[in-house]
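Take a look at the letters that make up each chain.
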Amino acid sequence: MRLHLLSTLCYMCLAVMALAQQPSHNSMPAPMPADEVPANYLPLMAHKRVALFSNQTGCLSNGRHVLDILVEGGVQVTTLFSPEHGFRGTADAGEHVQSQTDSLTGIPILSLYDGQKPGPSDEAMRRFDLLVVDIQDVGLRFYTYYITMLQLMRRCSEYGREVIILDRPNPNGHFVDGPLLDMSLKSGVGALPIPIVHGMTLGELATMAIGEGWTPQCQLTVVPCLHYTHQSAYHLPIPPSPNLPDMRAVLLYPSTCYFEGTVLSLGRGTNHPFQCYGHPLLQGCTFSFTPTARPGAKHPPLEGQHCQGVDLSHIPIDSLFHLSRIDLSYIVDAYRRFPDKEAFWLGGGAFFDKLMGQKRIRQLIIDGQDASTIEATWKQDVTRFIEQRKPYLLYPIR
């Protein structure tokens, strides 16, 4: 029996992260990704050349990677597409990943994050008839996997290729929050006019992107999750990327990622990325840390520098889940503590604006507004989006 290397890695991650999972909040069956029931999707791929867009998260609960399931099910997999962080999920954020060949199957792995032209080449598109998407997203506008999926969908539209999404639960799917993206700030960390936390699965988001005319029409099939609602507490069994190592990081990510647009560290190169923040000049702090090089953070910001900061890694996971909103108090607090206000923003604030999706938020922080006042400015955006997305939801809100 063929045992793909990724299956071994998936099994190890599943065993380790299962120890950190919290008990279910109710007696309902646990949410399950669509790939758990091969009978629901293997027949859709018969007699077709298939390209698979996935990474280390494309695993079943038994530790088998979906690639193994497809190959053993007789599917003709001709191409593997990999996103940011690569097919095995080990590359740094933003690091260019080169294409390669899978050592056991001989199937080419084509990187879509190699620094070249966005999307697959014409040659790559001619290799397959059907694109299968099986990748774990975390439901945030600046998380790049959905952007890569949209690039693939556009190319599939041009070539008349089918797209099947094996849907997965969204760990941040229980709320919607944040300003809509000003499309003049469209970038590699924001591609659609949606809030920062959109509360949708990839299948729902892809359906909405087509329905709203944000991406060209293509023949899309979504194989749905099982037992999932938008109030499900879904605990990821495998880290979706190197610096989101556990559920606390995933749930803090909507509130801490904005430090990427400042000169502060948000814990890359520590045991708690996205769960702390700091800088050598930050004032009035009792916590400290020193970022160091490690896998997934080869050269972290402020590497080797002793940072004064704030530790968020003690916050209970249940508390973060039930918070159900973006908490801007961390970035506001850091700005107030930082002695050199002009130097606080990385590159003059351009990247912070792209992450936030609006330029006005940074100005409100500079003007001294508190977090709750700033957060109130996007409530109408959220209300409009919740109504706009209703036709595209595949799962109950409650």
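Definitions and cut-offs
- Residues numbered from 1 in each chain as written.
- Predicted model: local features only at pLDDT ≥ 70, side-chain atom pairs only at ≥ 80, totals over all residues.
- Heavy atoms only, no water.
- Helix = DSSP H or I, 4+ residues; strand = E, 2+ residues; numbered from the N terminus.
- Buried < 20%, exposed > 50% of the residue type's maximum accessible area, 1.4 Å probe, protein only.
- Contact = heavy atoms within 4.5 Å.
- Areas by Shrake-Rupley, 256 points an atom, 1.4 Å probe, with all protein chains shown as cover.
- Pairing = 2+ DSSP bridges.
- Axes fitted to C-alpha atoms, helices over the stretch in contact; angles between N-to-C directions.

Helices and strands together make up the secondary structure of the protein chain, namely 12 helices and 10 strands. Every one of the 398 residues in the protein chain was classed for burial, and the buried ones make up 56%. Residue pairs in contact within the protein chain that sit at least 24 positions apart in sequence constitute 74% of those at least 6 positions apart. Accessible area for the protein chain stands at about 15,900 Å²; split by element, carbon and sulfur atoms hold 54% of it.

Next up on the list: the sheet that holds strand 9 (residues 287–289). Ordered by their spatial adjacency, 3 strands build an open sheet running 8-10-9, and the pairing between neighbours is antiparallel. In this open sheet, the two edge strands, each paired with only one partner strand, are strand 8 (276–279) and strand 9. For this sheet, the mean angle separating the axes of adjacent strands, direction not counted, is 40°. With 4 bridges connecting them, strand 8 and strand 10 (residues 307–311) associate as antiparallel partners. From the neighbouring strand, G278 faces strand 10, where its bridge partner is G309.

Right, let's get into the environment of I365. Looking at where I365 falls in the secondary structure, it is placed in helix 10 (residues 360–366). Non-local contacts of I365, meaning those with residues more than four positions away in its chain, are made with I331, V332, Y335, W345, F352 and I374.

Note that every value here comes from positions in space, so none of it alone points to a role or purpose.
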